[in-house]
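Summary of the model geometry
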Amino acid sequence: MKKVIAVSLIICLAFSLCACGGTSYRVREIETLAQQDYSLAFRDNDPLYFYVTGALKILAANGTIDELSRKWFGANIVSFEQDATALDEIGMPEPGRTLIIGVDVNSFPMVYFSNDTVFGFDVELATAVTNFLDWNLKAQSIEKENVYNELASGNIDVAWGGIALDEEELDQGLYTQYGPYLHNDIVIASLSSSTIWNTARLRGKTLAIPSTPEAMAALETNPGLMKRLGSINRVVGGTTECFNALYAGQCDAVLTDSTAVTYYNTH
């Protein structure tokens, strides 16, 4: 039986934070700190590019990607070219190979781990692609700063999973980009039911942020906000733990991704 990384909607919805669909758990973005776009990256001149992107075009044309996006985000917020005949010219690949995707596990809800199992929109999308191609799927955690090295070494076949590619590396042509397929903002968010609707109201308050260099770098783009805050709580574990703290009243706002805000507001 073919081994794939199974992503179950039932398990995902059972995940502890998915109770946040109630009105009291809705969140609002109060400031954007940084903007980024998610893409796929392949080794230059790798034939695998044509099979994976061809499968994506077909899945976009038959509605599969639209269905997955609505499941995770409540609407189709991703952009892939649609072409039902994308693989007609080159044909289907040999079955049974394993596609290794490099993922950023700090990019909930694109990719995340729960109980040693990987979940997320990008994982489900990659699973749909490998199922279509009759391939197996393996997810490999990588640092997004190491995309080129991971591809060049053969450690991964494609960087795919909450990956915002480095503009300088793209300009240097170190690898082949496919996309971007989704825009994401790094934002400050608070509970919609709170009185915090702008950063001025964060004076003396507590902000929870993931314990990643990217989160701190985004926060440092607004030094005025940093001075205004009462405390900054760097939470080990990332996005889900930050939202746990927000819902438990342990902080007043969180630094997070706009895709996470969309996810929590639709579940």
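Scroll up to find the structure.
Quick notes on the rules
- Residues numbered from 1 in each chain as written.
- Predicted model: local features only at pLDDT ≥ 70, side-chain atom pairs only at ≥ 80, totals over all residues.
- Heavy atoms only, no water.
- Phe/Tyr/Trp six-rings, centres within 6.5 Å; stacked < 30°, edge-to-face > 60°.
- Helix = DSSP H or I, 4+ residues; strand = E, 2+ residues; numbered from the N terminus.
- Buried < 20%, exposed > 50% of the residue type's maximum accessible area, 1.4 Å probe, protein only.
- Lys, Arg positive; Asp, Glu negative; His and termini not counted.
- Salt bridge = Lys/Arg side-chain N within 4 Å of Asp/Glu carboxyl O.
- Contact = heavy atoms within 4.5 Å.
- Axes fitted to C-alpha atoms, helices over the stretch in contact; angles between N-to-C directions.
- Parallel < 35°, antiparallel > 145°, perpendicular 65-115°, else oblique.
- Left-handed = near helix turned anticlockwise from the far one by under 90°.

Time to look at the packing of aromatic side chains. Per the stated rule, a full pass over the model turns up 16 aromatic pairs. Ring geometry for Trp 72 and Tyr 263: centres 5.7 Å apart, planes at 35°, overall tilted. Remark: Tyr 263 occurs in helix α10 (residues 258-265) and Trp 72 occurs in helix α3 (residues 64-73); sequence separation between them is 191 residues. Among the residues examined, Tyr 263 registers a relative accessible area of 0% and is labelled buried. Measuring from centroid to centroid gives 5.4 Å for Phe 73 and Phe 121, while their planes differ by 55°, and the two rings are tilted. Taken together, the residues span a long stretch of sequence, with Phe 73 in helix α3 and Phe 121 in helix α4 (residues 121-133) at a distance of 48 residues.

Relative to the helices and strands, Asp 122 resides in helix α4. For Asp 122, which is buried and forms no salt bridge, the nearest opposite charge comes from Lys 144, at a distance of 9.9 Å. Not counting residues within four places of it along the chain, the set of residues in contact with Asp 122 comprises Met 110, Val 111, Trp 160, Gly 161, Gly 162 and Tyr 181.

Next up on the list: the pattern of salt bridges. In the structure shown here, the tally under the stated rule is eight salt bridges. Between Asp 66 and Arg 70 there is a salt bridge, with its nearest N and O atoms 2.9 Å apart. Residue Asp 66 and its partner Arg 70 are located together in helix α3, separated by four residues, close to a single helical turn. A salt bridge links Glu 124 to Lys 71; the nearest nitrogen and oxygen atoms lie 2.6 Å apart. With Glu 124 in helix α4 and Lys 71 in helix α3, this pair connects stretches of sequence that are 53 residues apart. By relative accessible area, which is 8% here, Glu 124 ends up buried. Judged by its relative accessible area of 23%, Lys 71 falls in the partly exposed class. One connected set of salt bridges, linked through shared partners, spans Arg 43, Asp 46, Arg 97 and Asp 157.

α4 packs onto α3 with a crossing angle of 160° between their chain directions and a minimal axis gap of 10 Å. In this view, α3 runs roughly antiparallel relative to α4, as classed from their interaxial angle. Helix-helix and strand crossings are classified by hand; for α3 and α4 the assignment is right-handed. On the side of α3, the interface is formed by Thr 64, Ile 65, Leu 68, Ser 69, Lys 71, Trp 72 and Phe 73, while α4 contributes Phe 121, Glu 124, Leu 125 and Ala 128.

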